[in-house]
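What follows is each chain in one-letter form.
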Amino acid sequence: MPVITEIADLKRIYKRRVPKMFYDYAESGSYTEQTFRANTEDFAKILLKQKVAVDMSGRSTESTMIGEKVSMPVGLAPVGLTGMQSADGEIKAARAAEKFGVPFTLSTMSICSIEDVAAHTTKPFWFQVYTLKDEDFMRRLFERARAANCSAIVITVDLQLLGQRHKDLKNGLSAPPKFTLKSMANLATKVGWGLEMLGTKRRFFGNIVGHAKGVTDPSSLSSWTAEAFDLTLDWKRIARFKEMWGGKVILKGIMDAEDAKMALSVGADAIVVSNHGGRQLDGALSSIRALPRIVDAVGDKVEIHMDSGIRSGQDVLKALALGAKATYVGRSFVYGLGAMGEAGVTKSLEVIRKELDITMALCGERDVKALGRHNLLIPKGFEGDWQDG
Ligand code: GLV
């Protein structure tokens, strides 16, 4: 058993174990990947203030997210095709999250279906919703999430169409993988992954196949998005979804203060400052740099969460200190999942919690909820000094 001390250790094992097509899918940003890189690089520009001779005993990372208790304010972000990173991956990740006491968010683009995950967990999870044109499909999706006892939906508002990820096109990404000479040559080297995959029947988009109409290639994420997603989505339709669901709604993909105000006006219970892990608008600001303006604009009126770029507990601490109530990890847990299944997801959460806890102590804080800008050294101009317009 290798010694895992940081998320990068899990990533190395993950890269060896999982087919290139799925590693590349997770490890890509759109186009030049400028925003994908900035998401992690900008965290490193914020420094922490060391405090000494303060009582560091009795520390707590506990908090709440939309009123639900969490053992640390770090949810598992919705990640498409998680069940291709490891057989039954969504079930494994949901179980790890449940035991750890953090929310699991199931993607619409998952391999295991809502019903599958509900049948293998005991606590409510959250369901991420992509906005498809088909109103009937949307209504049924909400009904399915309700029947599965989901306690919130997360509506992703930044993906009506896909930002191009070059590697996915070059690799011919699909779920399950199509057998071409190139994919076979790589798959043949991933024996552990392959044997596990042969042992499960969950190899298709479980929420979609058999539920949605009018898509030419149900194994292709790009076909789904191009043919089924609603290009005309507006705030009115988002408000209608909130009504249709009738429960807690988190809006994910907010990078602009005016959009944050619109999210408030349609009754969001929380918003997620997110650029989709740098996978959509390449050239956008990193999420961590976008966060302060949104906190200033609506932070006293709605719960603000953030994702994109978190690879450590120190990153979590910085986001919280900048005003986010909570954060999400996507790639950081996927590395763990691909490396060692459910135990790997647990490991990734343990690594992050330990880093968060120790770093908090060295900053002179005992309670994660007390973190603030007083813990940070923020470079002048970090938020950017942009011309209006
Ligand atoms: C889907 O959410 C993706 O970013 O690929």
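Computed from a predicted model, the values in this text were never measured in an experiment.

1. Some remarks on the site of the ligand
Step number 1: Contacts to the ligand come from Y25, Y130, R165, L221, H276 and R279.
Step number 2: Contact distances for the ligand include 2.8 Å between an oxygen atom and a side-chain N or O atom of R279.
Step number 3: Protein contact buries 93% of the 190 Å² of open area that the ligand shows by itself.
Step number 4: Looking at the shell around the ligand, its residues break down into 3 nonpolar, 1 polar and 2 charged.

2. Some remarks on the pairing of strand 11 (residues 326-329)
One face of the sheet, then the other: side chains in a regular strand alternate in exactly this way.
Step number 1: With burial as the criterion, each face of strand 11 is covered, one bearing A326 and Y328 and the other bearing T327 and V329.
Step number 2: Sheet topology places strand 4 (residues 74-76) next to strand 11; 3 bridges connect them, and they run parallel. Residue pairing across strands places G75 opposite Y328, the latter belonging to strand 11.
Step number 3: Note that strand 10 (residues 303-306) and strand 11 share 2 bridges and pair parallel.

3. Considering the side chain of R279
Step number 1: Within the fold, R279 resides in the loop between strand 9 (270-273) and helix 14 (287-298).
Step number 2: D168 provides the closest opposite charge to the buried, salt-bridge-free R279, at an N-O distance of 5.0 Å.
Step number 3: Among the polar contacts made by the side chain of R279, one reaches the main-chain carbonyl oxygen of Y25 at a distance of 2.7 Å.
Step number 4: Leave out the neighbours within four places in its chain, and R279 touches Y25, A26, S28, G29, S30, G163, R165 and R331.

4. Topic: the UniProt feature "active site" (unreviewed entry) in the protein
Step number 1: In this numbering, the UniProt entry assigns the feature "active site" (unreviewed entry) to H276.
Step number 2: Inspection of the secondary structure puts H276 in the loop between strand 9 and helix 14.
Step number 3: By relative accessible area, H276 is classed as buried at 11%.
Step number 4: In contact with H276, other than residues within four places in its own chain, are Y130, T156, D158, L159, R165, K252 and S308.
Step number 5: Within polar-contact distance, the side chain of H276 engages the side chain of Y130 at 3.5 Å.

5. Examining the sheet that holds strand 6 (residues 126-129)
Step number 1: Reading across from one edge, 4-11-10-9-8-7-6-5 is the order of the 8 strands in this open sheet, with parallel pairing throughout. Two strands in the sheet have a free side with no partner beyond their single neighbour: strand 4 and strand 5 (105-106).
Step number 2: Sheet strands touched by helix 14: strand 8 (248-254), strand 9 and strand 10. Its angle to strand 10, the strand with the most contacts, is close to 175°.
Step number 3: Sheet contacts for helix 15 (residues 313-321): strand 4, strand 10 and strand 11; angle to strand 11, the most-contacted strand, approximately 145°.

6. Some points on helix 15
Step number 1: In terms of burial, helix 15 is largely enclosed, as 8 of its 9 residues are buried.
Step number 2: For helix 15, the full list of buried residues reads G313, D315, V316, L317, K318, A319, L320 and A321.
Step number 3: Regarding helix 15, its N-cap is S312, as a side-chain oxygen of that residue lies 3.3 Å from the backbone nitrogen of Q314 further along.
Step number 4: Where helix 15 ends, the next residue or the one after it, G323, has phi of about 115°, a positive value.

7. Things to note about the packing of helix 5 (residues 89-100) against helix 16 (residues 331-362)
For any two helices packed against each other, the geometry comes down to the angle between their axes and how far apart the axes lie.
Step number 1: Packing of helix 5 against helix 16 leaves a shortest axis separation of 10 Å and a crossing angle of 20°. Taken together, the axes of helix 5 and helix 16 are roughly parallel relative to one another. The way helix 5 lies across helix 16 gives a crossing that is right-handed. Along its contact with helix 5, which presents G89, K92, A93, R95, A96, A97, K99 and F100, the element helix 16 presents F333, L337, G341, E342, V345, T346, L349, E350 and R353.
Step number 2: For the contact of helix 5 with helix 16, the per-class residue count stands at 8 nonpolar, 3 polar and 6 charged.

8. Re the pattern of salt bridges
A side chain of one charge can pair with a side chain of the opposite charge if their charged atoms are brought near each other.
Step number 1: Going through the model one piece at a time under the given rule, you end up with 23 salt bridges.
Step number 2: Salt-bridge contacts for E342 lead to K99; the nearest nitrogen and oxygen are separated by 2.6 Å. Note that E342 is positioned in helix 16 and K99 in helix 5, a separation of 243 residues in sequence.
Step number 3: Residue K99 is classed as exposed on the basis of its relative accessible area of 62%.
Step number 4: Within this structure, E135, D230, R237 and R240 form a network of salt bridges that share partners.

9. Focus on a nonpolar patch on the surface
Step number 1: A cluster of nonpolar side chains, V191, L195 and L198, forms an exposed patch at the surface whose accessible area comes to about 340 Å².
Step number 2: Topologically, L198 is positioned in helix 10 (residues 191-198).
Step number 3: What makes L198 exposed here is its relative accessible area of 67%.

10. Looking at the packing of aromatic side chains
Step number 1: Considering all chains together, one arrives at 6 aromatic pairs under this definition.
Step number 2: Here the aromatic rings of F142 and F241 are separated by 5.7 Å at their centres, their planes lie at 65°, and the arrangement is edge-to-face. Separated by 99 residues along the polypeptide, F142 in helix 7 (residues 135-147) and F241 in helix 12 (residues 235-245) bring together distant segments of the chain. Like F142, the residue F241 is buried in the burial classification.
Step number 3: When the ring of F142 is compared with that of W245, the centres are 6.2 Å apart and the planes differ by 50°; the resulting orientation is tilted. Highlighted residues: F142 in helix 7 and W245 in helix 12, separated in sequence by 103 residues.
Step number 4: Counting every residue linked through ring pairs, the aromatic cluster contains Y14, Y23 and Y335.
Step number 5: The residue whose ring lies beneath R279 is Y25, and the NZ or CZ to ring-centre distance is 4.6 Å.
Step number 6: Just above the ring of F382 sits the side chain of R289; from NZ or CZ to the centre is 5.7 Å.

Definitions and cut-offs
Residues numbered from 1 in each chain as written. Predicted model: local features only at pLDDT ≥ 70, side-chain atom pairs only at ≥ 80, totals over all residues. Heavy atoms only, no water. Near = heavy atom within 4 Å. Polar contact = N/O pair within 3.5 Å; in protein donor to acceptor, adjacent residues only side chain to side chain. Areas by Shrake-Rupley, 256 points an atom, 1.4 Å probe, with all protein chains shown as cover. Nonpolar A, V, L, I, M, F, W, Y, C, P; charged D, E, K, R; others polar. Buried < 20%, exposed > 50% of the residue type's maximum accessible area, 1.4 Å probe, protein only. Helix = DSSP H or I, 4+ residues; strand = E, 2+ residues; numbered from the N terminus. Pairing = 2+ DSSP bridges. Lys, Arg positive; Asp, Glu negative; His and termini not counted. Salt bridge = Lys/Arg side-chain N within 4 Å of Asp/Glu carboxyl O. Contact = heavy atoms within 4.5 Å. UniProt positions renumbered as here; feature names shortened; annotations may be inferred. Axes fitted to C-alpha atoms, helices over the stretch in contact; angles between N-to-C directions. Parallel < 35°, antiparallel > 145°, perpendicular 65-115°, else oblique. Left-handed = near helix turned anticlockwise from the far one by under 90°. Patch = residues over 30% accessible without salt bridge, like charges linked within 9 Å, V, L, I, M, F, W, Y side chains within 5 Å. Phe/Tyr/Trp six-rings, centres within 6.5 Å; stacked < 30°, edge-to-face > 60°. Lys NZ or Arg CZ within 6 Å of the ring centre and 35° of its normal.

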